[in-house]
Amino acid sequence: MDKSKWIEVYRTMKLIRLVEQRINDEYKYDEIKTPIHLSIGQEAVAAGVCIHLRKDDYIFGTHRSHSQYIAKGGDIKKMIAELYLRKTGCARGRGGSMHLVDPDVGILGSSAIVGGNIPLGTGTALASKLLGNDRVTVVFFGDGAADEGTFHESLNFAALKKLPVVYVCENNFYAINSHQLSRQVGDNIHKWAQGYGMPGYQVDGNDVLEVSDYAEKAISRCRRGEGPTLIECLTYRWKGHIGTVDDVGEGYRPKEEYDYWVSRCPIKRFAEFLKSRGVLTAELEKSIDREIYELIEDAFRFAQSSPKPSPDELLDFVYAE
Ligand SMILES: Cc1ncc(C[n+]2csc(CCOP(=O)(O)OP(=O)(O)O)c2C)c(N)n1
Ligand SMILES: [Mg+2]
């Protein structure tokens, strides 16, 4: 990654972390009327990938997509308002946390159907190819989505048609409480790519520079018309699968595993790297935090004071005019 982008990427990861921590803190007041899935610990994936995308490139997210929406440049106010199911939300209060959308910056949607977004992103990549533009699509999904038929069908089709799509698997080892090894024969999702005839890589998803290197390569390959790539990013979610619970000690994941991954915090690692290079000073770190804090304050104030949709508007937007 070009050095000039280091601070931007650091800021994006910090923004994701602090926004999600605030969501976590506000959730107990029961005003956020949507299920939430937090990405705390996984920030490097979306940040490292999206830094290489243009505004007119497309992404599709998952049920856990605050990080993807933020990294692609989605409006934080509209995201928080969506969590509060307000009229000013990015999906006009119809979608909640799992259906973030902002077509103006290429966020064509996120989906609560595990694996459901993979064929959608394959479709927009097909459209780009048919229209002859060089827009790239990135689809984010979890290790659980690699269990789905949609993953396999999409990879096969995209490779066959050399579509400009990058499949980014955020492998946090769990689908709810089921470990990858209780669902899949191997622990090498990236190796499926080989069978479908496309490059596949496994990277340290908590190292934003490594994620960024591979993403840049894959996105350039798409722009050159050479087809899709699968990138498997190994990472870890700190919170429970859903909501704000801390579930370590409940039985499905060992404390040592959790501690290991927390010690590999993607933000701490990158901050240490930037400090060792003299790029991030204590002063700059503070001013970034302050700026983000104000952004978050504004977003929550905006969301909480926004109107709720009224019952007579229930059927609006169900059908296209
Ligand atoms: C088709 C489908 N099957 C099952 C579910 C229930 N479900 C919601 S999230 C989830 C686990 C997804 O795991 P993964 O893809 O690894 O994403 P992560 O939650 O780890 O980010 C499941 C099974 C669903 N939403 N959609
Ligand atoms: Mg998972």
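The preceding data block contains the structure.
The following refers to the structure shown. Computed from a predicted structure; not experimentally measured.

**Focus: the overall build of the protein chain**
Here is step 1: Along the protein chain, the regular secondary structure elements total 11 helices and 8 strands.
Here is step 2: A compact globule built from 321 residues should have a C-alpha radius of gyration of about 20 Å, and the protein chain, at 19 Å, falls within 12% of that.
Here is step 3: With respect to the three principal axes, the spread of C-alpha positions in the protein chain is 55 × 50 × 45 Å.
Here is step 4: Taken over 321 residues, the protein chain has a buried fraction of 45%.
Here is step 5: Taking as baseline every contact in the protein chain between residues at least 6 positions apart, the subset at least 24 positions apart corresponds to 75%.

**Some details on the site of ligand 1**
Here is step 1: Near ligand 1 there are 15 residues, and of these R64, V114, G142, G144 and A175 occur at the shortest range.
Here is step 2: For the shell around ligand 1, a count of residues per class yields 7 nonpolar, 6 polar and 2 charged.

**Some thoughts on the packing of helix α4 (residues 76–83) against helix α11 (residues 282–304)**
Here is step 1: Contact geometry for α4 and α11: axes closest at 8 Å, N-to-C directions at 45 degrees. One finds that α4 runs oblique with respect to α11. Every pair of crossing elements has a handedness; the one defined by α4 and α11 is right-handed. In this structure, α4 uses I76, K77, I80, A81 and L83 to contact α11, whose residues at the interface are L295, D298, A299, F300, F302 and A303.
Here is step 2: Classifying every residue of the contact of α4 with α11 gives 9 nonpolar, no polar and 2 charged.

**Some words on the pairing of strand β1 (residues 58–61)**
Here is step 1: Residues of β1 alternate between two faces, with Y58 and F60 on one and I59 and G61 on the opposite face, all of them buried.
Here is step 2: Examined bridge by bridge, β1 and strand β3 (residues 137–142) share 3 bridges and lie parallel to one another. Note that in β3 the partner of F60 across the bridge is V139.
Here is step 3: The pairing of β1 with strand β2 (residues 107–110) spans 3 bridges and is classified as parallel. Paired with I59 across the strands is I107, a residue of β2.

**A look at the nonpolar core**
Here is step 1: Formed by 80 residues in total, the largest nonpolar core has its most connected members in A47, V166 and V168.
Here is step 2: For this core, the element with the highest residue contribution is helix α1 (residues 6–26), accounting for 8 residues.
Here is step 3: In this structure V168 touches V45, V49, V138, V139, F140, I231 and C233, once residues within four positions along its chain are discounted.

**Some points on the sheet that holds strand β4 (residues 165–171)**
Here is step 1: Strand order across the open sheet formed by 6 strands is β2-β1-β3-β4-β8-β7, with parallel pairing between neighbours. Single-partner strands in this sheet number two, and they are β2 and β7 (200–204). Each adjacent strand pair in this sheet contributes to an overall mean axis angle of 20 degrees, direction not counted.
Here is step 2: Alignment of β7 against strand β8 (residues 229–234), held across 5 bridges, turns out to be parallel. Paired with D204 across the strands is L234, a residue of β8.
Here is step 3: Helix α5 (residues 117–131) rests against β1, β2, β3 and β4 of the sheet, and its axis sits at about 170 degrees to β3.

**Section: helix α6 (residues 149–160)**
Here is step 1: With 12 residues, α6 ought to run about 16 Å at 1.5 Å a step, and its terminal C-alpha atoms sit 17 Å apart, in line with that.
Here is step 2: Among the residues making up α6, those that are buried are T150, F151, S154, L155, A158 and A159. With its buried residues spanning 145 degrees around the axis, α6 presents them on a single face.
Here is step 3: Along its buried surface, α6 packs onto α5, β4, α7 (192–196) and β8.
Here is step 4: K162, located one to two residues past α6, shows a positive phi value of around 50 degrees.

**Structural notes on unusual backbone geometry**
Here is step 1: Phi at K162 takes a positive value of approximately 50 degrees, unusual for a residue other than glycine.
Here is step 2: Among the secondary structure elements, K162 is positioned in the loop between α6 and β4.
Here is step 3: The partly exposed category is assigned to K162, around which 17 C-beta atoms lie within 10 Å.
Here is step 4: Positive phi outside glycine occurs at I176, with the angle close to 50 degrees.

**Focus: the packing of helix α2 (residues 43–50) against helix α8 (residues 208–223)**
Here is step 1: Across the interface, α2 lies against α8 with an axial gap of 8 Å and an inter-helix angle of 40 degrees. As far as their axial angle goes, α8 and α2 are oblique. For the pair α2 and α8, the sense of crossing is right-handed. Within the contact between the two elements, α2 uses A44, V45, A47, G48 and V49 and α8 uses V208, V211, S212 and A215.
Here is step 2: The residue inventory of the contact of α2 with α8, partitioned by class, reads 7 nonpolar, 2 polar and no charged.

Analysis parameters
- Residues numbered from 1 in each chain as written.
- Chains lettered and ligands numbered in written order.
- Predicted model: local features only at pLDDT ≥ 70, side-chain atom pairs only at ≥ 80, totals over all residues.
- Helix = DSSP H or I, 4+ residues; strand = E, 2+ residues; numbered from the N terminus.
- Rg over C-alpha atoms; globule rule 2.2 N^0.38 Å.
- Buried ≥ 20, exposed ≤ 12 C-beta atoms within 10 Å, placed from the backbone.
- Contact = placed C-beta atoms within 7 Å.
- Near = placed C-beta within 6 Å.
- Nonpolar A, V, L, I, M, F, W, Y, C, P; charged D, E, K, R; others polar.
- Axes fitted to C-alpha atoms, helices over the stretch in contact; angles between N-to-C directions.
- Parallel < 35°, antiparallel > 145°, perpendicular 65-115°, else oblique.
- Left-handed = near helix turned anticlockwise from the far one by under 90°.
- Pairing = 2+ DSSP bridges.
- Core = buried A, V, L, I, M, F, W, Y, C linked by C-beta atoms within 7 Å.
- Expected span 1.5 Å × (residues − 1).
- Arc of directions from axis to C-beta.

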